[in-house]
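# Examination of the molecular architecture
Chain by chain, the residues run as shown.
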Amino acid sequence: MDEGKEGSRIQGSRDSRVTNIWTKNSGVRSQESESEKWETGADNVFNESKQQTNSPHEPSVHATFFVLGWIAKKLPGLIREIHSRGHEVASHGNNHHLCTAESAESLKKDLTDSKERLEDIIGGPVQGYRAPSFSINNDILKVIEDAGYLYDASYNSFDKHGRYGKLSTCGYRKAGIAFRISDGFYEIPVSNLCLKPIAHSLQPVVFPFGGGGYFRLIPYLVFRKGIQRILKMDGTYSFYLHPWEIDPGQPRVENAPTLLKFRHYVNLASTASKIERMLSDFRDCRFVTCGEYVEAIAIERL
């Protein structure tokens, strides 16, 4: 489950992501947004994240929380509690700047600073990273690897979103749903539904079924069918959601464009119940964190 990458964020909102890997058994957020605009949102992040860690399905369901360094600085106790409950803490950068808009030097600093801050708080290693708005490319992957991460989880194959990055996976060996970038570094893609047209000369069509705004917008029964199709094809499904997506009472940005307000606020009131229904419907699946998944495929256990 992941809290970012997906739909849009309203400018000035705070961010953190949750991602969960399932394996089958057999807003507009702008790069220029200033951190001080998020001050009033700290309490919302605390309450939203606490709600996600308090699932009645615990302790069988664990997730990866991709946390902003800014949030970790403001709420270190929340980060320690997420870690103590058995969830994985990973990095989402410091201030939600798009990777594609950063120089290699500034990106490397952001990656290392956020990693060190989180490690200091939880007293253990931080292995994963997710780029704001999935803004990666092959050059950025190299910077992430050089910053000491075991995996990146930013590749979204849905190419109709203007902020998502582009990644060439040619030449990378598959390991489960992940790509082995090197002996010690992996890319975990967001799960999308890829359908091949009847006409073999046409390219496959990718539908966004990884979570976030798409999970809120698509009717649940249709989304469930998509997950079932992905599990049948790949044996594994990677889902993400933002904590703010289960908070219908969050402050509203009234002067945002109508379309962006719709994308950010649609169906917030029903998201939590949809998650509970989804976890119940797929209770026969095994839920693992991104880090657990990578460690398992690294020793060929999945």
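Attention here is on the structure that accompanies the text.

Quick look at helix α7 (residues 220-234) now. Between its first and last C-alpha atoms α7 spans 21 Å; for 15 residues at 1.5 Å apiece the expected length is 21 Å, and the two agree. If you check which residues of α7 are buried, you get Tyr220, Phe223, Gly226, Ile227, Ile230 and Leu231. Taken down its axis, α7 places every buried residue within 135° of arc, on the same side. Among the exposed residues of α7, those oriented more than 90 degrees off its buried face are Lys225 and Lys232. Once α7 finishes, Gly235 follows within two positions and takes phi at roughly 75°, a positive value.

Moving on, we come to the packing of α7 against helix α9 (residues 268-281). Viewed as axis vectors pointing N to C, α7 and α9 meet at an angle of 40°, and their least axial separation amounts to 11 Å. Judged by the angle between their axes, α7 and α9 are oblique. Crossing handedness for the pair α7 and α9: right-handed. Mapping the contact onto sequence places Tyr220, Leu221, Arg224 and Ile227 in α7 and Lys274, Arg277, Met278 and Asp281 in α9. Class assignment for the residues of the contact of α7 with α9 results in 4 nonpolar, no polar and 4 charged.

Positionally, Thr64 belongs in strand β2 (residues 64-67). Judged by its relative accessible area of 0%, Thr64 falls in the buried class. Engagement of the side chain of Thr64 in a polar contact is seen with the backbone nitrogen of Cys290, the distance being 2.9 Å.

As for its position among the elements, Lys160 is in the loop between β5 (151-152) and β6 (173-175). Sequence-wise, Lys160 and Val206 are 46 residues apart; in three dimensions their C-alpha atoms are separated by 9.4 Å.

Now for the nonpolar core. Counting 33 residues, the largest nonpolar core has Val67, Ile79, Leu111, Tyr129, Ile144 and Tyr149 as its most contacted members. When residues of this core are traced back to their parent elements, those giving at least two are β2, α2 (69-74), α3 (76-84), α4 (104-122), α5 (138-146) and β7 (178-182). When residues in this core are grouped by element, the largest group, 5 residues, is from α4. Setting aside residues up to four positions removed in sequence, Leu111 forms contacts with Tyr129, Val143, Ile144, Ala147 and Tyr149.

The calculated volume of the largest pocket comes to roughly 580 Å³. As for the largest pocket, its lining consists of 23 residues, of which Tyr155, Ser157, Asn192, Cys194 and Val206 are closest to the centre. Counting only elements with at least two residues in the lining of the largest pocket, the list comes to β10 (205-207) and α7. Here the lining of the largest pocket takes 3 residues from α7, the largest share from any one element. Of the residues that constitute the lining of the largest pocket, the class distribution is 12 nonpolar, 7 polar and 4 charged.

In this section: the packing of α4 against α5. In the contact formed by α4 and α5, the axes pass within 9 Å of each other and the chain directions differ by 40°. The pairing of α4 with α5 is recorded here as oblique in orientation. Seen from above, α4 lies across α5 with right-handed handedness. Across from Ala104, Leu107, Lys108 and Leu111 in α4, the residues of α5 making contact are Ile140, Val143, Ile144 and Asp146. Residue composition of the contact of α4 with α5, grouped by class: 6 nonpolar, no polar and 2 charged.

Once that is clear, we can look at the packing of aromatic side chains. Inspection of the entire model under this criterion finds 6 aromatic pairs. Here the aromatic rings of Phe134 and Tyr240 are separated by 5.5 Å at their centres, their planes lie at 80°, and the arrangement is edge-to-face. Of the two residues, Phe134 sits in the loop between β4 (128-129) and α5 while Tyr240 sits in strand β11 (residues 236-241), which places them 106 residues apart along the sequence. Relative to Phe239, the ring of Phe215 lies with its centre 5.2 Å away and its plane at 80°, an arrangement referred to as edge-to-face. Separated by 24 residues along the polypeptide, Phe215 in helix α6 (residues 212-217) and Phe239 in strand β11 bring together distant segments of the chain. Residue Phe215 is classed as buried on the basis of its relative accessible area, which comes to 0%.

Here is what the cut-offs are and how they apply
- Residues numbered from 1 in each chain as written.
- Predicted model: local features only at pLDDT ≥ 70, side-chain atom pairs only at ≥ 80, totals over all residues.
- Heavy atoms only, no water.
- Helix = DSSP H or I, 4+ residues; strand = E, 2+ residues; numbered from the N terminus.
- Expected span 1.5 Å × (residues − 1).
- Buried < 20%, exposed > 50% of the residue type's maximum accessible area, 1.4 Å probe, protein only.
- Arc of directions from axis to C-beta.
- Axes fitted to C-alpha atoms, helices over the stretch in contact; angles between N-to-C directions.
- Parallel < 35°, antiparallel > 145°, perpendicular 65-115°, else oblique.
- Left-handed = near helix turned anticlockwise from the far one by under 90°.
- Contact = heavy atoms within 4.5 Å.
- Nonpolar A, V, L, I, M, F, W, Y, C, P; charged D, E, K, R; others polar.
- Polar contact = N/O pair within 3.5 Å; in protein donor to acceptor, adjacent residues only side chain to side chain.
- Core = buried A, V, L, I, M, F, W, Y, C linked by side-chain atoms within 4.5 Å.
- 1 Å grid on protein atoms, 1.4 Å probe; cavity = no way out; pocket = protein on both sides within 12 Å on 5 of 7 lines; lining within 4 Å.
- Points joined across faces, edges and corners; volume = space filled by probe spheres on them.
- Phe/Tyr/Trp six-rings, centres within 6.5 Å; stacked < 30°, edge-to-face > 60°.

These results come straight from atomic positions and should not be treated as a statement about function.
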